[in-house]
Amino acid sequence: MTSESNKMWGGRFAMSPAEIMEEINASIGFDKALAPQDIRGSKAHAAMLADAGIITKADAEAIIAGLDKVAAEVAAGTFEWKRSLEDVHMNVESRLKEIAGTPAGRLHTARSRNDQVATDFRLWVRDQIDGIDAALKALQLALAKKAEAHAATVMPGFTHLQPAQPVTFGHHLLAYVEMFARDRGRFADARKRLNESPLGSAALAGTSFPIDRHKTAADLGFDRPMSNSLDGVSDRDFALETLAAATIAAVHLSRLAEEIVIWMTPQFGFITLTDKFTTGSSIMPQKRNPDAAELTRAKVGRIAGAFQSLVIVMKGLPLAYSKDMQEDKEATFDAIASLKLAIAAMAGMVGDLEPVPDRMRAAAGRGYSTATDLADWLVRELKMPFRDAHHVTGTIVKLAETSGTDLEALPLEAMQGVEPRITKDVYSVLSVENSVKSRTSYGGTAPQNVLKMAQGWIACLELGSKTG
């Protein structure tokens, strides 16, 4: 007796597949996620077949009505998925036959599972990109609003995680707004390139039926049909490019998550998070752990791994379709779900966190972070070459270190012992507040700059959809 799946293939197969063959071959456990896209593609295909006179209008209407019933069952969770039917396509087609009868058998005219799955997967990835863009936009808005509120809140800026120059907390947050704008731009670029329809490529060579690929492309929201049938069924660049964009976005999320972890430590104490985004310890009652940030930081491993996994799958495949490409979905599904969860978690944390300005301000003044301001003052006021000013400033910093004092507390006489022309006006640049106020160049950390930039971003994000 033949298996149910082999009945679908017709007379070529007389024996059931080995149990292990069924185990490795079946994809229904994960590709059933494509059911909404599969049904959309089939409805567009049926309508086109009828318009082209390839099937009757009555058959197309019966097919589309049946597919609507299948879609309702899938949405309601009452659809019975059968592993013996291997994949989402065969499950939908089998149920459609039960509902619509003979007309269901005409649906697969002029197409193959090869172009069917390529179309389904493109539609799914496109839908996910739209969702990711909305989520990143919400994260940008949360960051911009927090930046607006803290445009003048002073904190240390770091290089090598060493105190470098004072910046504002708002300025720091806006750096991530810019990063996520570029991420949105990458996803938008990927979406634009993927928005071509493989449907009608059939198995690999196209079809002899007089189909209208431009109609199905338009009905499914694609810009145009793909121009080469071999490429249509074998391309997975759209998934690779989306996973690459997802990996870079995850890296940005991970960097911000790392900073939240650092800022939460008692040694820094720059921010607080409420119980909404922290957890306790099973043994240490004093602990408040930034687990949401840590888990967000870890997601990049899964997402980057998915990208690398698909690269390896695709690297050696000859044209056109090979079953290896069934491995494209599980990793992609997991990566996109992980990214969307991480974005949502980060947006929640950004809204929840509150800076501790006193701690930030105190840390901003450590490590002689206004030394560059002193060097700039020497250049500007004493017309000293910068390299000479750099040397003089280094000598003064060493003097302050020896004296155990900050630059702004170092006596004028001590500085004049290094450079006699220094006047008391130098103290106007040695406080961290004056340091950040002086950074008025475009893109600089001056509070007036930060406020203007934050408000501009808020306006764009609330009214438009600014990306990189």
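To keep things clear, this report deals only with the structure shown in the data block. All residue numbers here refer to positions counted from 1 along the written sequence of the relevant chain. Confidence filtering applies because this is a predicted model: local features only for residues at pLDDT of at least 70, side-chain atom pairs given and counted only at 80 or more, and all residues used for totals across whole chains, interfaces and linings. Values shown for side chains rest on all heavy atoms present in the structure; no hydrogens or waters enter the calculation.

## Brief notes about helix H4 (residues 35-51)
Three- or four-residue spacings in an α-helix give side chains the same orientation, since the helix completes a turn every 3.6 residues.
Item 1. Secondary structure elements are taken from DSSP: a helix is a run of H or I of four residues or more, a strand is a run of E of two residues or more, and numbering for both begins at the N terminus. Multiply 1.5 Å by the residue count of a helix minus one, and that product is the helix's expected span. Taking 1.5 Å of rise per residue, the 17 residues of H4 would be expected to cover 24 Å, and the 24 Å separating its terminal C-alpha atoms lies within 8% of that figure.
Item 2. Each residue's exposure class comes from its accessible area (1.4 Å probe, protein chains only) as a fraction of the maximum for that residue type: buried when under 20%, exposed when over 50%, partly exposed otherwise. Of all the 17 residues making up H4, twelve are buried; the element is thus mostly covered by neighbouring parts of the structure.
Item 3. Here H4 has its buried residues at Ala35, Gln37, Asp38, Ile39, Gly41, Ser42, Ala44, His45, Ala46, Met48, Leu49 and Ala50.
Item 4. Working rule for contacts: check all heavy atoms of both residues, and any pair within 4.5 Å makes them a contact. Elements that come into contact with the buried residues of H4 comprise helix H3 (28-31), helix H5 (57-76), helix H6 (88-100), helix H7 (113-149) and helix H9 (213-219).
Item 5. Gly53 occupies a position one or two residues after H4 and carries a positive phi of about 75°.

## Some remarks on the environment of Ala293
Item 1. Within the secondary structure, Ala293 is located in helix H12 (residues 291-314).
Item 2. Taking C-alpha positions, Ala293 is 7.9 Å from Met349, a pair spaced 56 residues apart along the chain.
Item 3. Apart from residues lying up to four places away in sequence, Ala293 is in contact with Ala257, Ile260, Val261 and Met349.

## So, the environment of Ala188
Item 1. Following the sequence through the fold, Ala188 ends up in helix H8 (residues 169-194).
Item 2. Here Ala188 falls in the partly exposed class, since its relative accessible area comes to 40%.
Item 3. For the pair Ala188 and Asp130, spaced 58 residues apart in sequence, the C-alpha to C-alpha distance is 8.6 Å.

## Quick look at the pairing of strand S2 (residues 162-168)
Item 1. For strand S1 (residues 154-159) and S2, the ladder comprises six bridges, and the chain directions are antiparallel. Of the residues in S2, the one forming a bridge with Gly157 is Gln165.
Item 2. Pairs of strands are assigned from DSSP output, requiring at least two bridges between the strands. The antiparallel pairing of S1 with S2 creates a hairpin that spans two residues between the two strands, and His160 there sits at a positive phi of about 60°.

## Some points on the side chain of Thr405
Item 1. Among the secondary structure elements, Thr405 is positioned in the loop between helix H16 (386-403) and helix H17 (412-416).
Item 2. The buried category is assigned to Thr405, whose relative accessible area is 16%.
Item 3. For Thr405, the residues in contact, after removing those within four places along its chain, are Tyr368, Ala400 and Leu410.

## Quick look at the packing of H7 against helix H13 (residues 328-352)
Item 1. Inter-axis angles, ranging from 0 to 180 degrees, are taken between N-to-C directions of lines fitted to C-alpha atoms, where helices are fitted over the stretch in contact. At a minimum axis separation of 9 Å, H7 and H13 run at an interaxial angle of 15°. By the angle between their directions, the pair H7 and H13 is classed as roughly parallel. Our pair here, H7 against H13, has a crossing hand that is left-handed. In contact with Val117, Phe121, Trp124, Gln128, Ile132, Ala135, Leu136, Leu139, Ala142, Leu143 and Lys146 of H7, H13 contributes Asp328, Lys329, Thr332, Phe333, Ile336, Leu339, Lys340, Ile343, Met346, Ala347, Val350 and Gly351. For classification, angles of less than 35 degrees are called roughly parallel, those exceeding 145 degrees roughly antiparallel, those between 65 and 115 degrees roughly perpendicular, and all remaining angles oblique. We call a crossing left-handed when the near helix sits turned anticlockwise from the far one by less than a right angle, and right-handed when that turn is clockwise.

## Remarks on the packing of aromatic side chains
Item 1. Ring geometry is summarised as follows: Phe, Tyr and Trp rings, the Trp one being its six-membered ring, pair when their centres sit within 6.5 Å, and such pairs are stacked at plane angles under 30 degrees, edge-to-face over 60 and tilted between the two. Taken as a whole and judged by the stated rule, the model has nine aromatic pairs.
Item 2. Centre to centre, the rings of Phe121 and Phe238 are 5.4 Å apart; their planes meet at 75°, and the pair counts as edge-to-face. With Phe121 in helix H7 and Phe238 in helix H11 (residues 237-264), the pair connects residues that are 117 residues apart, well separated along the chain. For the pair Phe121 and Phe238, one class covers both residues: buried.
Item 3. Through successive ring pairs, a cluster of aromatic residues spans Phe121, Trp124, Phe238 and Phe333.
Item 4. As a reminder, the over-ring test applies to NZ of lysine and CZ of arginine, requiring each to be within 6 Å of the ring centre and within 35 degrees of the ring normal. Over the face of the ring belonging to Phe222 we find Arg126, whose NZ or CZ atom lies 4.9 Å from the ring centre.

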